[in-house]
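# Observations on chain architecture
The lines below spell out each chain.
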Amino acid sequence: MPEIHFILNHENRAVRVEPNETLLEVLREKLGVKSPKCGCDRGDCGACNVLLNGKSVRSCLILAIEIDGQEIITVEGISRDGLSKVQEAMIDNNAFQCGFCAPGIIISTTELLNNNPHPTMNEIKEALSGNLCRCTGYLPILEAVQKATKE
Amino acid sequence: MSIIHDFEYYKPADLKEVTDLLERFGTKAKILAGGTDLIVQMKEDVRAPEVVIDIKGIPKMNEILLEDNTLFIGACVTFSELIESEIIKKYFPLIKEMSETVASVAIRNRATLVGNICSAVPSADSAPILLVYDADIITKSSSKERTISINDWFAGPKKTVLLPEELVTGITIPLPDKKHAGCYEKLGRYSGEDLAQAGVCILVFEDLHYKVAFCAVGPVPKRAYRVEKFLKSKEISEKIIEEAKQYLLKEISPISDIRATEEYRTHMMGVMFERGLKKAVSRLHGGGNA
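Owing to the predicted nature of the structure, the values given are computational and were not obtained by experimental measurement.

## Some points on the overall build of chain B
- When its secondary structure is counted, chain B shows 11 helices and 14 strands.
- The globule rule puts the C-alpha radius of gyration for 290 residues at 19 Å, and the 19 Å found for chain B is close to it.
- In terms of overall dimensions, chain B has C-alpha extents of about 60 × 45 × 30 Å along its principal axes.
- The burial tally for chain B puts 48% of its 290 residues in the buried class.
- Considering only contacts in chain B between residues 6 or more positions apart, those separated by 24 or more positions represent 62%.

## So, the interface of chain B and chain A
- Counting from both sides, the interface comprises 25 residues of chain B and, opposite them, 22 residues of chain A.
- In the side of chain B that touches chain A, the residues fall into 11 nonpolar, eight polar and six charged.

## Details of the environment of B:T266
- Note on placement: B:T266 falls in helix α11 (residues 262-284).
- Between the C-alpha atom of B:T266 and that of B:I137, which follows or precedes it by 129 residues, the distance is 30 Å.

## Digging into unusual backbone geometry
All names here are of chain B.
- Even without a glycine there, the phi angle at D68 is positive, about 50°.
- Examined against the element boundaries, D68 turns out to sit in the loop between β4 (64-67) and β5 (70-74).
- Here D68 falls in the exposed class, since 7 other C-beta atoms lie within 10 Å of it.
- One non-glycine residue, K158, lies in positive phi territory at about 60°.

## Brief notes about the sheet that holds strand β3 (residues 49-52) of chain A
Residues and elements named next belong to chain A.
- Pairing is mixed in the open sheet, where five strands are placed in the order β2-β1-β5-β3-β4. The open sheet has two free edges, formed respectively by β2 (11-16) and β4 (55-58), since each of these has just one partner strand. Neighbour-to-neighbour, the strand axes of this sheet turn through a mean angle of 40°, independent of strand direction.
- The pairing of strand β1 (residues 3-8) with strand β5 (residues 71-73) spans two bridges and is classified as parallel. By the bridge assignment, L8 is partnered in β5 with I72.
- Helix α4 (residues 102-115) rests against β3 and β4 of the sheet, and its axis sits at about 35° to β3.

## With respect to the domain arrangement of chain A
All names here are of chain A.
- Taken domain by domain, chain A comprises domain 1 (3-78) and domain 2 (85-150).
- Each of domain 1 and domain 2 has a C-alpha centre, and the two are 21 Å apart.
- Between domain 1 and domain 2, the contact holds 16 residues from the first and 13 residues from the second.
- Of all the elements in the fold, those that place two or more residues in the side of domain 1 that touches domain 2 are β3, β4 and α2 (75-78).
- The residue makeup of the side of domain 1 that touches domain 2, split by class, is eight nonpolar, six polar and two charged.

## Let's talk about helix α1 (residues 23-30) of chain A
Residues and elements named next belong to chain A.
- Those residues of α1 not exposed but buried are L23, L24, E25, V26 and L27.
- Each element contacted by the buried residues of α1 is listed here: β2.
- Where α1 terminates, the next one or two residues include G32, which has phi positive at roughly 70°.

About the criteria used
Residues numbered from 1 in each chain as written. Chains lettered and ligands numbered in written order. Predicted model: local features only at pLDDT ≥ 70, side-chain atom pairs only at ≥ 80, totals over all residues. Helix = DSSP H or I, 4+ residues; strand = E, 2+ residues; numbered from the N terminus. Rg over C-alpha atoms; globule rule 2.2 N^0.38 Å. Buried ≥ 20, exposed ≤ 12 C-beta atoms within 10 Å, placed from the backbone. Contact = placed C-beta atoms within 7 Å. Nonpolar A, V, L, I, M, F, W, Y, C, P; charged D, E, K, R; others polar. Pairing = 2+ DSSP bridges. Axes fitted to C-alpha atoms, helices over the stretch in contact; angles between N-to-C directions. Domains from an automatic or database assignment.

Listed below in structure tokens is the structure:
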């Protein structure tokens, strides 16, 4: 079984993977990183989003073996030194209900604000258009993002 | 849902290694770029390649270049890279406009334009733009390099003329020498993720010739030559648009599927064609960015 080396949440990691294992499977089942969720498992819902070299990607659509030598950040990495502004705003606004979509949405929002610290509401909606939420109707999430950008 | 079958994974460092592998394994091998189609197909067991060849380690595959008035887009260029490219923004704003309609950010960060036309689904967003710009597809095998016109590329739904021993290294698009403007109109159920229910792309040149292509309303994306011929040398008016629509409806053959009915697609193609044509003409005269 080939061994891959990559940076996961600011730490060097090595793990043996089969070529047919997805990044999502390896993160959750081999490395115990549970924030990326398996929702649709076909790239539609965004619950498995992680940052790959700073860009949001679907970890269910990437083979783990592809990320040899790359850098992955999950919500565990984002909140390593305490909750981020985005996470605080989500809590303050009571943005989530069941929370299954939350990690993916926090990843997408983090990428957005890294590139564009003061997005318009349309830009926020566009950035989150690939993250499905079945509880909230999105409004409290969008408002929380807006709030995070204003503080 | 996991990928249930095993395969060998290769990540060659040069093109020769890729073509050697393709020659050796032929139809048993699949090229992996963004993986947003291939991994789904492997999970659903639609495809079960014995060998997966990751081409992201090959130099120059992620280049966007404009040389001698010809744009080159490498096989590993993602839709996000197209959106961010200064060359695309300045010379081919229509490609940017189209790329922004493809799925959502996390998919665009991975999915490639070349992968889009290799998957060759009838709703491929890239296809109408490449058709109106007369793009060429550059393929390579261990014995030869081919240049294939996008007009000859699609062989049927999800089928292309690419041979098992070939890979696409990139596409080229000639920069038109005449002043022109264009528009891509896409119909989807919601923004983010949805495939086109219908799409139409229109280019207008200042000497009053037009190029029109569509996707998702026939087995393959294609040019609407009868519409182009009818519109040639004509200024746009309500009457001309109405007549042109009749030609357009003869060119398309939409089906009913999970995303839309045949009747809805047919009706909306007329609406979108009119909308797109007016927008393209207005942009030619300075109204807007493409």
